[in-house]
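Listed below are the residues making up each chain.
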Amino acid sequence: MDADKMRAVLRDVAERAVMYRSGRAEAPARPAQTYAEARAAFEAAVPEHGAPIEQVIAELASLAEPGLANMVGPRFFGWVIGATEPAGVAADWLTSAWGQNTGNAHATPASSACEEVSGRWLLDLLDLPRESSVGFVTGATIANFTCLAAARGEVLRRVGWDVEADGLFGAPNVHVVLGEEAHSTVFSGLRYLGLGAKRVVSVPVTEQGLMKPSAFARTIEKLDGPIIAIAQAGHINSGGFDPFTEIAEAAHAKGAWLHIDGAFGLWARACPDRAHLGHGLELADSWGVDGHKWLQTPHDSGYAIVRNAEAHRRAMLIAASYLPEGQERHPADYAPELSRRARGFATWAMIKSLGREGIASMVSCHCEQARRMAERLSAEPSVEVMNDVVLNQVAVRLGTDMDGATADALTDRTIARIQRDGVCFVGGANWRGRQIIRISVISANTTDADIDRSADALLSAWRAERHTNA
Ligand SMILES: *Cc1c(COP(=O)(O)O)cnc(C)c1O
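Below: a short report on this structure. (Residues numbered from 1 in each chain as written. Predicted model: local features only at pLDDT ≥ 70, side-chain atom pairs only at ≥ 80, totals over all residues. Heavy atoms only, no water.)

**Points about the overall build of the chain**
When helices and strands are tallied, the chain shows 14 helices and eleven strands. A globule of 470 residues ought to have a C-alpha radius of gyration of about 23 Å, and the chain, at 23 Å, matches this closely. With the C-alpha coordinates aligned to their principal axes, the bounding extent of the chain is approximately 65 × 65 × 45 Å. When the 470 residues of the chain are sorted by exposure, 53% land in the buried category. (Helix = DSSP H or I, 4+ residues; strand = E, 2+ residues; numbered from the N terminus. Rg over C-alpha atoms; globule rule 2.2 N^0.38 Å. Buried < 20%, exposed > 50% of the residue type's maximum accessible area, 1.4 Å probe, protein only.)

Next up, the structure:
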């Protein structure tokens with residue numbers, strides 16, 4: 001492709017991206033299309049002939065944009081999704097343009113080196129043991145999986161079993177202990193690893209979804225043989241943290257490997273006024289955390305952090321005669337894939353653009369905004385905030401003066417109405433036997449005014465549904 005044509009195509013894309021992003025603050029938070037409509041728009045047979053790139057890109061944009069959710073907008077509170085900030089987007093564009101296959105340090109020194117240094121920055125920011133290794137993966141699901149693979153290998157190695165070579169058939173039993181309300185993706189990791197999603201030992205949790213330390217200690221006390229324990233930093237509904245110090249003590253007394261799922265909550269450690277929440281989690285053996293949530297990098301970005309770098313390498317090492325070896329850190333040795341994008345660049349750019357201070361103040365600000373939202377909502381009679389708002393999550397129950405079934409049905413209808421109105425986006429969940437509204441404050445673009453406007457929209461949707469029911 002000639003340089004002029006390439007310039008025209010890439011500049012056109014830059015212009016489209018700017019247009020899209022600059023319209024987000026006032027755009028509806030929900031997609032204009034349903035899945036069926038989006039599916040119909042894209043429906044087409046395999047193109048027999050090629051087409052000019054500018055035409056392809058224009059068509060892609062016009063087909064896709066009506067079905068996009070405004071996840072980068074300031075009032076998107078659904079699930080726990082970062083806002084993909086410009087420094088990360090720009091670095092990610094370069095990453096694509098550079099086209100580095102980031103498996104091996106000799107093949108691509110810059111992307112490997114950038115990962116190594118960004119990994120060190122992460123350990124510093126999250127205040128985790130500096131000897132830990134960091135694998136750059138697609139997200140917390142695969143970060144947890146990667147860490148648990150290291151855990152599985154190490155706890156079995158200690159009893160004389162080489163799972164990397166011999167697999168799990170005939171291996172000593174590995175116990176997996178976790179809280180009753182562990183994130184669903186942790187169970188996916190356990191499934192991939194042959195540890196089974198159902199054969200776990202669940203520990204009872206408090207009203208906030210946190211493991212009861214005495215119950216954890218009693219449970220683990222009774223187990224013999226290799227044990228992997230999994231705790232959580234940032235419960236998906238309450239935002240709460242397991243009592244790590246007590247858990248770590250009981251786990252280590254039994255020689256267990258302690259892993260922490262800290263997809264978003266681990267970032268509390270980077271914020272002086274929230275760091276106390278994660279106190280003691282540095283005693284664990286591994287940690288899974290996301291870049292694409294609180295660090296606001298583009299998707300896919302997660303980090304598998306393992307104190308025992310050898311165990312991490314043993315679990316993930318890809319050895320092949322055609323791959324150069326050496327003393328360097330090879331990115332593929334710490335992640336499940338060989339060929340992949342250079343994930344370190346966007347991480348580096350986001351950390352560099354925010355700085356330690358910027359990350360701390362963003363996290364702090366989101367926590368304050370979550371509290372502001374909770375105060376606004378709970379001032380309404382018949383609305384209850386079910387969680388202690390310690391972090392950025394708000395779990396809201398509607399219809400405290402109604403019977404459960406009516407309240408649940410009205411909650412679902414209120415969520416649908418809020419999404420239709422489009423001022424903000426919230427999702428639902430079932431927690432403690434009730435339908436709830438779950439609000440995650442995590443977009444770098446959210447202002448206090450956005451919180452107030454969203455709280456008003458939520459409450460007016462609730463009043464309207466309540467009224468139609470009366
Ligand atoms: C989001 C989340 C995950 C899964 O992370 P992905 O980045 O979506 O793979 C796991 N655990 C918790 C607590 C989460 O919030």
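**Quick word on the pairing of strand β7 (residues 302–306)**
Taken across its five residues, β7 has five buried, putting it largely inside the fold. Across five bridges, strand β1 (residues 133–137) lies against β7 in antiparallel orientation. The residue of β7 that forms the bridge with V137 is G302. Looking at chain direction, strand β6 (residues 286–290) and β7 are connected through five bridges and run antiparallel. Bridge pairing in β7 links V289 to Y303. (Pairing = 2+ DSSP bridges.)

**Focus: the packing of aromatic side chains**
Applying the stated criterion across every chain, the model contains eight aromatic pairs. Where F145 meets Y192, the ring centres are 5.6 Å apart and the plane angle is 65°; that geometry is what we call edge-to-face. Of the two residues, F145 is situated in helix α6 (residues 140–157) and Y192 in helix α8 (residues 184–192); the sequence distance between them amounts to 47 residues. On the basis of relative accessibility, which here comes to 15%, the residue F145 falls in the buried class. Exposure remark for Y192: the relative accessible area of 48% places this residue in the partly exposed category. Joined through ring pairs, the aromatic side chains of F76, W79 and F425 make up one cluster. One cation-aromatic arrangement involves R432 over W431; the distance from NZ or CZ to the ring centre is 4.8 Å. (Phe/Tyr/Trp six-rings, centres within 6.5 Å; stacked < 30°, edge-to-face > 60°. Lys NZ or Arg CZ within 6 Å of the ring centre and 35° of its normal.)

**A word on the sheet that holds strand β8 (residues 383–385)**
Reading across from one edge, β8-β9-β11-β10 is the order of the four strands in this open sheet, with antiparallel pairing throughout. Single-partner strands in this sheet number two, and they are β8 and β10 (427–431). Each strand of the sheet is rotated relative to its neighbour by a mean of 35°, with strand direction disregarded. In terms of strand pairing, strand β9 (residues 393–398) meets strand β11 (residues 434–440) through four bridges, oriented antiparallel. For V394, the partnering residue across the bridge sits in β11 and is I439. Together, β9, β10 and β11 form the strand contacts of helix α13 (residues 404–421), whose direction differs from that of β11 by roughly 35°. (Axes fitted to C-alpha atoms, helices over the stretch in contact; angles between N-to-C directions. Contact = heavy atoms within 4.5 Å.)

**Some thoughts on a nonpolar patch on the surface**
A contiguous nonpolar surface patch, about 380 Å² in accessible area, is contributed by M1, M6, L10 and I53. Here M6 shows up in helix α1 (residues 3–22). (Patch = residues over 30% accessible without salt bridge, like charges linked within 9 Å, V, L, I, M, F, W, Y side chains within 5 Å. Areas by Shrake-Rupley, 256 points an atom, 1.4 Å probe, with all protein chains shown as cover. Salt bridge = Lys/Arg side-chain N within 4 Å of Asp/Glu carboxyl O.)

**Regarding the sheet that holds strand β2 (residues 175–179)**
With mixed pairing, the seven strands of this open sheet are ordered in space as β1-β7-β6-β5-β4-β2-β3. One side of each edge strand has no neighbouring strand; the edge strands of this open sheet are β1 and β3 (201–203). Mean inter-strand twist for the sheet, computed between neighbouring axes without regard to direction, equals 20°. Of the strands in this sheet, β1 and β7 are in contact with helix α5 (residues 109–125), which crosses β1 at around 115°.

**Things to note about the environment of F345**
Assignment of secondary structure puts F345 in helix α12 (residues 344–378). A residue is classified by how much of its surface remains accessible, and F345, at 12% relative accessible area, is buried. Separated by 93 residues in sequence, F345 and R438 place their C-alpha atoms 32 Å apart.

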